[in-house]
Amino acid sequence: MRIVIHERTGPYKIRIRDIEGAESTDPNSKLLDTTVELCACGLSHNKPFCDGSHENTEDEDLEGTYAYSENNERVVLPKIYKPDGKI
């Protein structure tokens, strides 16, 4: 068994221009202003990209422990994770 703990409820947003060395290709390219959203909640079916599945996590209690089925149905679990990071 593997337990992965995700604490973010939204994606990482990365602007291409902010990636080191990106401007060396063409500093005037409009592509540099494109923003890519990467999954940070662990639920996306299009990893590493965000598909909006994090919306299911927005009302989670910060102290709760949850699992999600393949179709993103939430199951509340007994508390196995403590705020100090120990299981």
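The structure under discussion appears in the preceding block.
Rules used in this analysis
- Within each chain, residue numbers correspond to sequence positions counted from 1 in written order.
- For a predicted model such as this one, the threshold for reporting local features is a pLDDT of at least 70, and the threshold for listing and counting side-chain atom pairs is 80 or more; totals across whole chains, interfaces and linings nevertheless cover every residue.
- Computation of side-chain values: all heavy atoms of the structure, hydrogens and water removed.
- One speaks of a salt bridge when a side-chain nitrogen belonging to Lys or Arg is within 4 Å of a carboxyl oxygen belonging to Asp or Glu.
- Helix numbers and strand numbers start at the N terminus; a helix is a DSSP run of H or I with at least 4 residues, a strand a run of E with at least 2.
- Note on exposure labels: buried denotes an accessible area under 20% of the residue type's maximum, exposed denotes more than 50%, and partly exposed covers the range between, all computed with a 1.4 Å probe on protein chains only.
- Under the pairing criterion, centres of Phe, Tyr and Trp rings, with the six-membered ring standing for Trp, must be within 6.5 Å; the plane angle then separates stacked pairs below 30 degrees from edge-to-face pairs above 60, leaving the rest tilted.
- Two conditions define a charge located above a ring, namely a distance within 6 Å from the ring centre to NZ of Lys or CZ of Arg, and an angle within 35 degrees of the ring normal.

Applying the stated criterion to the full structure yields six salt bridges. We note a salt bridge from D33 to R15, for which the minimum N-O separation is 3.8 Å. Within this pair, whereas D33 is found in the loop between β1 (12-15) and β2 (35-38), its partner R15 is found in strand β1, the two being separated by 18 residues in sequence. The class for D33 is partly exposed, based on a relative accessible area of 42%. Given a relative accessible area of 33%, R15 falls into the partly exposed group. Here E23 makes a salt bridge to R17, at a shortest N to O gap of 3.1 Å. On the accessibility criterion, E23 (36% relative accessible area) is partly exposed. Assessed through its relative accessible area of 21%, R17 is described here as partly exposed.

This part is about the packing of aromatic side chains. Summed over all chains, the structure comprises zero aromatic pairs. The positively charged end of R74 is found above the aromatic ring belonging to Y66, 5.3 Å away from the centroid.

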